[in-house]
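Residue-level listing of the chains:
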Amino acid sequence: PNTLRANIEDNIRKCTEYIDNGGAEAFIKIKVNSISDGRMVKFIYETAKKYPTIRFQIICRGICSLPALPNIEIHSIVGRFLEHSRIYIFQYDGREEVYISSADLLTRNLDKRVELMLNITDKNCRNKINDIFNILIKDTANTWILNEKGYWEKIKNVNMYSAQNALTM
């Protein structure tokens, strides 16, 4: 409970510092079950408003208090299987920090519980986690997308792609 919030915020700040120093764009990818911690929601939202060239791709299955913006894309995958993994990826200046975690972005996880956030340093493991995230973000069969008006819209696509099927094969 003493370092998790700071670690996430520090990684987001590294992306903003890169932009402040002339960088073109940065990417932050987050996969969790819930986002409702007020401080974290405010931090991400204000960062996205101030830095439109930082693109957030977020997969959040359940509660999501973070509003969508042009650079905050929020997906919810609700299919046969519970999407329980937590992934945090920060990409900027040719660098990539990949983490797996036990923590959602909830106050109880960030401030009150002992949760883990592990930096993945093995290149093959980082690539596999990126592959999993990319498979999930491509889902059109079980995905709802939060629009900027605050409503969830089911993806309408003739060629349905199920990330859950792809990952269980």
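Conventions we followed
- Residues numbered from 1 in each chain as written.
- Predicted model: local features only at pLDDT ≥ 70, side-chain atom pairs only at ≥ 80, totals over all residues.
- Heavy atoms only, no water.
- Helix = DSSP H or I, 4+ residues; strand = E, 2+ residues; numbered from the N terminus.
- Buried < 20%, exposed > 50% of the residue type's maximum accessible area, 1.4 Å probe, protein only.
- Pairing = 2+ DSSP bridges.
- Axes fitted to C-alpha atoms, helices over the stretch in contact; angles between N-to-C directions.
- Patch = residues over 30% accessible without salt bridge, like charges linked within 9 Å, V, L, I, M, F, W, Y side chains within 5 Å.
- Areas by Shrake-Rupley, 256 points an atom, 1.4 Å probe, with all protein chains shown as cover.
- Salt bridge = Lys/Arg side-chain N within 4 Å of Asp/Glu carboxyl O.
- Right-handed = clockwise from strand over helix to strand, strands pointing away.

(A) Representation of unusual backbone geometry within the structure. Phi at D93 is positive, roughly 50°, even though this residue is not glycine. Relative to the assigned elements, D93 resides in the loop between β4 (86-92) and β5 (95-101). Using a relative accessible area of 43% as the deciding quantity, one classes D93 as partly exposed.

(B) Spotlight on the sheet that holds strand β1 (residues 26-32). Strand order in the open sheet made by the eight strands is β6-β5-β4-β1-β2-β3-β7-β8, with mixed pairing throughout. At either end of the open sheet lies a strand with only one pairing partner, and these are β6 (117-119) and β8 (152-154). Going from strand to strand, the sheet's axes swing by 20° on average, the running direction of each strand aside. Sheet topology note: the strand β2 (residues 54-60)/strand β3 (residues 72-77) ladder contains four bridges and is parallel. Considered in β3, the bridge of I58 is made with I74.

(C) Examining a nonpolar patch on the surface more closely. Where nonpolar side chains cluster on the molecular surface, the patch consists of V78, W144 and W152 and spans about 270 Å² of accessible area. Residue placement: W152 occurs in strand β8.

(D) Region of the structure containing the pattern of salt bridges. Under the defined criterion, the tally for this structure stands at ten salt bridges. R13 is the salt-bridge partner of D10, the closest N and O atoms lying 3.1 Å from each other. Placement of the pair is D10 and R13 together in helix α1 (residues 4-20), with a separation of three residues, close to one helical turn. On the accessibility criterion, D10 (38% relative accessible area) is partly exposed. The exposure class of R13 is partly exposed, given its relative accessible area of 33%. With its nearest N and O atoms 2.8 Å apart, the salt bridge here joins R55 to E73.

(E) Representation of the pairing of β1 within the structure. With six of seven residues buried, β1 lies mostly within the body of the structure. Across seven bridges, β1 lies against β2 in parallel orientation. In the strand pairing of β2, I30 is matched with I58. Each parallel crossover has a hand, and the one from β1 via helix α2 (residues 38-50) to β2 is right-handed. Of the strand pairs in this sheet, β1 and β4 are connected by five bridges, and their pairing is antiparallel. Following the sheet pairing, I28 is matched in β4 by F90.

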